[in-house]
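Below, each chain spelled out in residue letters.
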Protein chains: 4
Amino acid sequence: MRRTSRFLSCSSILERATNVKDSFWLTSQHSITTSGPDLVNDGSSSVRRKAEYALYKGKAALSVSPVLPTFREVDSGVSRVYKKGCVILTFWPAVGVRKYDWQKKQAFALSPTEVGSLIGLGPAESCEFFHDPSMKSSLEGQVKKSLSISPMKDKTGILLNFSVVNNIQKTNERFSVPVTKAEFTAIRTVLSYVLPHIMGWTQAASPQPPSTATHTPKEQIEERPDPSLEWGR
Amino acid sequence: MRRTSRFLSCSSILERATNVKDSFWLTSQHSITTSGPDLVNDGSSSVRRKAEYALYKGKAALSVSPVLPTFREVDSGVSRVYKKGCVILTFWPAVGVRKYDWQKKQAFALSPTEVGSLIGLGPAESCEFFHDPSMKSSLEGQVKKSLSISPMKDKTGILLNFSVVNNIQKTNERFSVPVTKAEFTAIRTVLSYVLPHIMGWTQAASPQPPSTATHTPKEQIEERPDPSLEWGR
Amino acid sequence: MRRTSRFLSCSSILERATNVKDSFWLTSQHSITTSGPDLVNDGSSSVRRKAEYALYKGKAALSVSPVLPTFREVDSGVSRVYKKGCVILTFWPAVGVRKYDWQKKQAFALSPTEVGSLIGLGPAESCEFFHDPSMKSSLEGQVKKSLSISPMKDKTGILLNFSVVNNIQKTNERFSVPVTKAEFTAIRTVLSYVLPHIMGWTQAASPQPPSTATHTPKEQIEERPDPSLEWGR
Amino acid sequence: MRRTSRFLSCSSILERATNVKDSFWLTSQHSITTSGPDLVNDGSSSVRRKAEYALYKGKAALSVSPVLPTFREVDSGVSRVYKKGCVILTFWPAVGVRKYDWQKKQAFALSPTEVGSLIGLGPAESCEFFHDPSMKSSLEGQVKKSLSISPMKDKTGILLNFSVVNNIQKTNERFSVPVTKAEFTAIRTVLSYVLPHIMGWTQAASPQPPSTATHTPKEQIEERPDPSLEWGR
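Presented here is a report on the structure given in the accompanying data block. The structure presented is a predicted model; accordingly, all values stated were derived computationally and were not measured.

## Observations regarding the environment of D:Phe175
Residues and elements named next belong to chain D. As for its position among the elements, Phe175 is in strand β12 (residues 171-180). Judged by its relative accessible area of 4%, Phe175 falls in the buried class. For the pair Phe175 and Gly200, spaced 25 residues apart in the sequence, the C-alpha separation amounts to 31 Å.

## Looking at the pairing of strand β6 (residues 86-96) of chain D
All names here are of chain D. Counting buried positions along β6 gives eight out of 11 residues, so the element sits mostly inside the fold. The sheet contact formed by strand β3 (residues 60-67) and β6 spans eight bridges and is antiparallel. Across the sheet, Ala61 pairs through a bridge with Trp92, a residue of β6. Two elements, β6 and strand β7 (residues 99-100), share two bridges in a ladder whose sense is antiparallel.

## Some remarks on the packing of helix α4 (residues 181-198) of chain A against helix α3 (residues 112-119) of chain D
At their nearest, the axes of α4(A) and α3(D) sit 7 Å apart, and the two run at 90 degrees to each other. With respect to α3(D), the axis of α4(A) lies roughly perpendicular. Here A:Ala182, A:Glu183, A:Thr185, A:Ala186 and A:Thr189 of α4(A) lie close against α3(D), whose contacting residues are D:Pro112, D:Thr113, D:Gly116, D:Ser117 and D:Ile119. Looking at the contact of α4(A) with α3(D), its residues break down into four nonpolar, five polar and one charged.

## Regarding the pattern of salt bridges
Summed over all chains, the structure comprises 12 salt bridges over all chains. The shortest N-O distance in the salt bridge between A:Asp101 and A:Lys104 comes to 3.4 Å. Note on A:Lys104: relative accessible area 44%, which makes it partly exposed. Across the pair D:Lys181 and C:Glu125 runs a salt bridge whose closest N-O atoms are separated by 3.4 Å. Note that D:Lys181 is positioned in helix α4 (residues 181-198) and C:Glu125 in the loop between α3 (112-119) and β9 (127-131), a pairing that runs across two chains.

## Describing the sheet that holds strand β9 (residues 127-131) of chain B
Residue and element names in this part refer to chain B. Reading across the sheet, the four strands line up as β9-β10-β11-β12 and stay open at both edges, with antiparallel pairing between neighbours. Sheet topology places β9 and β12 (171-180) at the edges, where each strand pairs with a single neighbour. Adjacent strand axes in the sheet meet at a mean angle of 10 degrees, parallel and antiparallel pairs treated alike. Examined bridge by bridge, β9 and strand β10 (residues 143-151) share five bridges and lie antiparallel to one another. Residue Phe130 lies in a different strand from β10, and its bridge partner there is Ser146. Its contacts with the sheet put helix α3 (residues 112-119) on β9 and β10, and the angle it makes with β9 is roughly 160 degrees. Along the sheet, helix α4 (residues 181-198) contacts β11 (157-166) and β12; its crossing angle with β12, the most-contacted strand, is approximately 100 degrees.

About the cut-offs
- Every chain is numbered independently, its residues counted from 1 as its sequence is written.
- Note on labels: chains are lettered from A, ligands numbered from 1, in written order.
- With pLDDT at 70 or above as the cut-off, local features in this predicted model cover only qualifying residues; side-chain atom pairs require 80 or more to be listed or tallied, and sums for whole chains, interfaces and linings still use all residues.
- Hydrogens and water molecules were not included; the side-chain quantities draw on all heavy atoms of the structure.
- The secondary structure listing takes helices from DSSP runs of H or I that are at least 4 residues long and strands from runs of E that are at least 2 residues long, numbered from the N terminus.
- Three labels apply to residues, based on accessible area from a 1.4 Å probe with only protein chains included: buried if under 20% of the type maximum, exposed if over 50%, partly exposed otherwise in between.
- Whether two strands pair comes down to DSSP finding at least two bridges between them.
- Each axis is a line fitted through C-alpha atoms, taken for helices only over the stretch in contact, and angles between the N-to-C directions span 0 to 180 degrees.
- Any angle that is under 35 degrees is reported as roughly parallel, and any over 145 degrees as roughly antiparallel; angles of 65 to 115 degrees are reported as roughly perpendicular and all others as oblique.
- Note on definitions: a residue-residue contact is assigned when non-hydrogen atoms from the two residues lie within 4.5 Å.
- Residue type decides the class: Asp, Glu, Lys and Arg count as charged, Ala, Val, Leu, Ile, Met, Phe, Trp, Tyr, Cys and Pro as nonpolar, and the leftover types, Gly among them, as polar.
- Between Lys or Arg on one side and Asp or Glu on the other, a salt bridge is scored when a side-chain nitrogen of the former is within 4 Å of a carboxyl oxygen of the latter.

Take a look at the structure:
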C-alpha cells in the first residue's frame, strides 16, 4: 500500500507536539474539548491522564499513543469532529545500553485508515506509509516521512523501519524497531479499542456535558469534510 | 444473502433524515432520548456530537455513520427500545476532481443483522441487500434500493455497488465505491464497536439519568416486537 | 462438550423471571444494584433500559439478552459479585404465520464459559449444554434443559435445538431455530461485548456511585466462590 | 518465548497483595487513584467492586483478575501512569474433592505484553514466562516463578503449568490447570477487553474527576519510563 499523507489535522498536531508535548496523548474528554470552542465546564478541575505503550529495543525505542479528535459546535446544539484524531508512533534512538535520547525523537501520525491497515495486517503481509507534515504549506515536499512494516524473516514478529528525510535541515534519520508477535498483538488490541475513539464515535455515543460553546459561522460547517483532507488512492 | 428490508424503523429515519440531517448521526444519549417520551433531563444543555467515517473516491463518496436506537418507557420504571438503531451508509456522486455533490446523496440503513453480515464477510465472499423504504405504505414497491458488496478482482479490497430505482421520480441512480482492505478493516472495527450501541445494549448497561418519561398505554408494550418488522428468510 | 449446569445463580434468575419479567434484561447499574444491599442512591429515578436481539423464524422465535451480575458489599468498602450474570436465550413457539406465543416461552441461561464456547465456535464445530434449573433443590433432576448448536448442512449458518423435559408437568417441549451466518456474527459480536459485563469486570472498572450498602457477615465472604457452583469437567 | 520479568511495578503489587488482598482486583477509578497522590474526591463513598474469572479443576483452582494502573500527577494538570497495571493469575491447590486451600495460593502477574501473548496464542502454539518478583532487590534470584502454556494433546484446550521455586523457604510448588477451549475463549475475550484498561488507555480516555493531586518533583517525571522496567529481548 503506497500513499502520501494529506492528514493535515494530525500533522499539525505533530508540529504543535514539538512544543506542547501533552498534545501527544490520549486525554480526557474535557481536556480535549477545552482545545476547541465546544468547551466543557462541569465544575471539576482539568487533570489530564496520559497513556502510552512503549517498547525499548536495541537500536531505538517506540511509543504508541492515541490523540482524540476535537469537536467544534457547527450549528446550534450540534458539534462535529473539527480536528481528526490519530495514533502517534514516536521513535527515539538508543545512545547506549538501555539509554535512549528522547530529544532526538521523531513522530509519525497514523490516520484511522492506516490504523485499520495495521489491525488487519496478515502475518506475511507488509505495508508502507508516506507522510509529508508540511503538505499544502510553503514547505511542502521538504520533509518526507516513511514508515514500513514487514514480517521478520524468522517469523517471530514484525520489523518497523521509519525514516525522516529533512531537506531543510539536511538530515536523514532512520529508526529500526523489531516488534514481537506478543507485542504486536498487544498493539493491535489497543488499536482496535482506540480506533472508534480517534474517529470520534465514542464521544458521540456518550452523554454530553454542559456546553458553553461559541458559534462557528454556518458556511464553515455546512459543507462536507474537505476531500483534499482524505487519503488519495 | 438475498432479502427485502422490513426495517421500517430505520427507513423512517431515512425519510426524516432528508429533512433532519442530524438524525443521520450517532448522537448522545440525551439528544436521542429527547426524541421519545423517555426524556432525559440532567440539567445539561443538549449539544450533540456527530461522527462518521468518510471515503472519497473517483466516482463517489461514502460516509458510514451510526444511529442509536430510541427508548420509550413501556411500564413504570422500565423502558425498551422503541425505534431500532442502524448504521447509515450515505453515497453522493463526484462532480469533478475531488468535488462531490452532497445534494445528490442517497442513503442505505443497515440493520443490526446486516451489520453482522459485513463484520463476518470473508475475503472471497459477497453479499447483497435489498430495501424498500416505503414498505407497508401506499408507496410500497415504488422505490427499490440495492447494495451489493463483492471482492475486487485484484484482491486489494471490496467494491460497493449501490443503486436506487425510484419509479415515482423515474430515476435510477448508481454509485460505485472501491474500498481498500485497510479501509474495510477500519469499517469492520467500528461496526463491531457500534453494533451493541445500535442494538441498545450499551445504553441498557449504563447508569440511567433521571427520567421524566410519560407513560405509554400498557397494551402497546405488553406484546413482543412485531415479527413483521423482522427480516424474513 | 457435555456438561450439566450447576449455574444456580442464573437458574434462580430464571425461576424469578417467570414472575418478574424485567429480571430477564440487561439493566442499568442501579436497577441491578438495588437488588442487593450494595444499594445505589444517586438521586436519579430508576428507569431501567432493556435490550435484546430477537430472531423470528418459521417454527419459533429466539431472543438473546444479558443479565448483569449483582454485587454485595462483603467487607468495609469492598463489594464482590454476589449473583453471577449470564446471557438468557428465550425461545417461544410460532402459532401461525408470523404469530408467536410468548406465554409458551422457555429460557436457557448461558454461563460466562458457555458464552465463551459460542464466541469461539468454529464454522464446522458443534456444542451442547445441559442444565438443571432445580439443581440442589428437592426437584433436582425433574426438569432437564438441553441446548445443541450445530452447523447447517448447507453451511449457511447454524441450527439451535432446544428441548425442555419436565417430569413434573409431564411435558417435553422442543424448539428449533435456524440462525444465518450474519445473525450468528451479530450474536457473537454482542456476546464478546457483553461477556466482561456479565462477569462483572466492567462494573468493577467503572467509577462507583455513593453506597449505602448494608453489611454481610464476614464468614459468608471470606471463603472463595463455592466450587460446586463451577462447571465440572 | 523465553523472558525474565523486570515488571517491578506488578511484582511489588504481588508482595503487597499477600497482605492487602483487595489490591488483587480490578477496582474502580477512585479506589485506585486513592492509592496514589492523584487522589479523586467526588463526594461519593469509596466502595470498590471486585471481579474475577475462576476455574476449579481436579488438582488446583485458577483465578484471573486484572489490576488497573495508578496515575500520578507529574505536572500541573497532567498525570501519567505511575504504577503499571497487570492481570493476576492466582493458583491455589485442591485439598480434596471440590476443596481448595486459598492460604496456599501463588500469584503470577502478566504484563500487558504477556497478555498480548495469550490473546494471540495460536491453537498449536506454546509460550512460557519467567518472573523474579524480587528483581533488583537484595533477594534477586531467590524466588523463581515460571508459567508455561501449551496445547493439550487431545486438542480440547490448553494446559497451564505454574511453578514457584523459593530458595529462601526451600519450597518448590507446582500447579497444573487444564483449560478448555471455551474457558480459554472466555479468558481471551476479557483479556482483550481489559488490556486497554491495564495500560491506562481507558482511564486516559474517560472524563476526569476533580483532582486534589499533590505534586511530584519535575525531574521525576520529565524523563521517559525507565527502560529497565521494560522486558528485554
